[in-house]
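Next come the chains, spelled out residue by residue.
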Amino acid sequence: MADRERRMTPPYGGVFVARTTVLDAAQVRRALTRISHEIIERNQGLEDVVLVALQTGGVEIAQLIARMMFEIDDVDVPIGTLDVALYRDDIGLRPVMPEAETDIQIDLGGKIVVLVDDVLFTGRTIRAALDALTDFGRPRAVQLAVVIDRGHRELPIRPDFVGKNLPTRRDEVVDVNLEGVLLGEMRK
Amino acid sequence: MSNHLIDLKDLDTEAMRELLHLTDRFVEVCQRPIPKVPALRGRTVALIFFEDSTRTRMSFDLAAKRLSADVLDFPTHTSSLSKGESLQDTVETIRAFGVDALVIRHGSGGLPGDIAEAVGETISVINAGDGLNAHPTQGLLDAYTLCQHFNGAAGTQASLSGLHVGIVGDIKHSRVARTDVAAYSSLGAKITVVAPEALVPDDVSEWPVAVSNDLDAVLPDLDVVGLLRIQKERITDDSLISIDDYIDRYGMTESRADKLRTEVVITHPGPVNRGIEIADAVLDKRPNVLVQQQVTNGVAVRMAVLFRLLGSGIEID
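Note that the structure is predicted; figures quoted are calculated from it, not measured.

### A closer look at helix α12 (residues 291-310) of chain B
Residues and elements named next belong to chain B. Spanning 20 residues, α12 covers 29 Å between terminal C-alpha atoms, matching the ideal 28 Å at 1.5 Å per step. The principal kink in α12, of about 25°, is found at Asn297. With respect to burial, α12 is a largely interior element, 15 of its 20 residues being buried.

See below:
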């Protein structure tokens, strides 16, 4: 889990304490390899495919998926990054800061955009991302790839590519990076 | 500390850096195909300008609109103020509409601060220039423009250290000079103010600056020449020098500009008195004259301030 998410998760100012290792580094890598194949298969190749990584947790995931897809299909898929802080529906309800870079150099009109994030939870980040994308053009399709789907959706949003479905309690915290996936909680 | 922005002197370096780094984000937003985000949907920003202003007012207006806030423009000339309503009652009335922020410019120094104190935490007050006191968003946009020019962006550790900035003109009557000094010094720049003796502020010894009356002596050492707008009457009445003398000693004439290293940067808060503070040819043709960039960055800086105060859920401290 990125620094920012950590700071924005109650209790504010707490530290993440891991309880269980859900996936180790090798398992994360295998899951992303499978997702890479699935993206290529679903779209019958990588023509017009663009990865848009959600800041901040999705960035290193998207970079690895892009490298894996290059190894599989020899296509260099463009990557953009998107910080959805300014599109969130909880502005004013909790601290929100657009601290990370949005960098989308290409017109998304007509492209197949694969949003990449580490964890899918309530779906509100993805809702904000879908709004943000419309300011960069009209993609032909938008798909969603996540390492962990932890449930508790509050909106009608579902992922297209999932590393692992992980049943969680609402107050638990899932920490994802390339070294592994940990399940735990924030403690003061 | 506060949900208001009254004077950059109220901000420590960290708080200023945070606003400048936030500005990086809004510079990017302003470059998008659709340069607008829904961040402040449903918020209302009232613009209350008791002094004439074109660019600052338009800049705040556009900044609020690019954040999807609604803008309430208060016509001070035709309002009930001219019918004798007190300023306090007017502010209360505007508050009763349910606005979230008051952007105030007034000829009397300290007035936005007084209003901020009166309204407390309920709404945000942003000083858009008060008398000879302060103009915080101008200071932020000038500092941002220099950070962007010299470092590409503000980043998390915005700094102007290593730069020697000259501020030239009517320092005594300039809130921009006071505010720029606060911004630049907070970020570590070395500052020299340059003016005729009569236009040097009485309390200048308390400022973190060197003082000179001789632009040509200072110029070879400067990395940035910050020109101020002058008011012709003030120059001639207070400093007892003619406009021609002023141009001769302090104007950025072609011959003076020719002696500058190319990489030396020239700024001006606008509107420019062409041919007085700066010659036409210098303004239009010389590289590294950042006047237009200052205007462009002004919108992003004001977006950052509005978002920080109204949207982030975090107080400036």
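### Quick look at the confidence of the model for chain B
With 96% of its residues at a pLDDT of 70 or more, chain B has an overall mean of 93. Interface scoring of the predicted complex returns ipTM 0.80; its pTM is 0.90.

### Considering the pairing of strand β4 (residues 112-120) of chain A
The side chains of a regular strand alternate between both faces of the sheet. All names here are of chain A. Counting buried positions over the nine residues of β4 gives eight, a clear majority of the element. As defined by bridge partners, strand β2 (residues 49-54) adjoins β4 across five bridges and the pair is classed as parallel. Residue pairing in the sheet places Val50 in a bridge with Val113 of β4. Sheet topology places β4 next to strand β5 (residues 141-149); eight bridges connect them, and they run parallel. By the bridge assignment for β5, Ile112 is matched with Ala141. Regarding the hand of the β-α-β motif, the stretch spanning β4, helix α4 (residues 124-133) and β5 is right-handed.

### What about the nonpolar core?
Grouped together as the largest cluster of nonpolar side chains are 151 residues, with contacts concentrated most on A:Val116, B:Ala101, B:Val103 and B:Leu306. With ten residues, α12(B) is the largest single contributor of residues to this core. Counting only domains with at least three residues in this core, you end up with domain 1 (8-135 + 295-310) and domain 2 (137-291) of chain B. Beyond its immediate stretch of four places on either side in the chain, B:Leu306 contacts B:Leu40, B:Val45, B:Ala63, B:Ala64, B:Leu67, B:Ala69 and B:Ala101.

### Description of the domain arrangement of chain B
Residue and element names in this part refer to chain B. Domain boundaries assigned for chain B yield domain 1 (8-135 + 295-310) and domain 2 (137-291). For domain 1 and domain 2, the distance between their C-alpha centres works out to 25 Å. Opposite the 24 residues of domain 1 that make contact, domain 2 presents 26 residues. Here the side of domain 1 that touches domain 2 gets eight residues from one element, more than from any other, and that element is helix α1 (residues 13-30). Of the residues contributing to the side of domain 1 that touches domain 2, the split by class is ten nonpolar, nine polar and five charged.

Rules used throughout
Every chain is numbered on its own, with residues counted from 1 as its sequence reads. Just so you know, chain letters begin at A and ligand numbers begin at 1, following the order they were written in. Only residues with pLDDT of at least 70 are given local features in this predicted model, and only at 80 or more are side-chain atom pairs given and counted; all residues enter the totals for whole chains, interfaces and linings. Each helix corresponds to a stretch of at least 4 residues labelled H or I by DSSP, and each strand to a stretch of at least 2 residues labelled E; elements are numbered beginning at the N terminus. A helix is expected to span 1.5 Å multiplied by its residue count minus one. For a residue, the bend is simply the angle between two axes, fitted respectively to the seven-residue segment ending there and the seven-residue segment starting there. Every C-beta atom is placed from the backbone, and the number of other C-beta atoms within 10 Å of a residue's own sets its class: buried at 20 or more, exposed at 12 or fewer, partly exposed in between. Every residue is assigned a pLDDT by the predictor, reflecting its confidence on a scale from 0 to 100. Strands are labelled as partners when DSSP assigns at least two bridges between them. Handedness of a crossover is defined as follows: with both strands directed away from the viewer, a clockwise route from the first strand across the helix to the second makes it right-handed. For our purposes the nonpolar core covers buried Ala, Val, Leu, Ile, Met, Phe, Trp, Tyr and Cys residues that link as a set through C-beta atoms within 7 Å. Note that the domain bounds reflect an automated or database-derived domain assignment. C-beta atoms are first placed from the backbone for all residues, and any pair lying within 7 Å is then listed as a contact. Three categories are distinguished: nonpolar for Ala, Val, Leu, Ile, Met, Phe, Trp, Tyr, Cys and Pro, charged for Asp, Glu, Lys and Arg, and polar for the others, with Gly belonging to the last.

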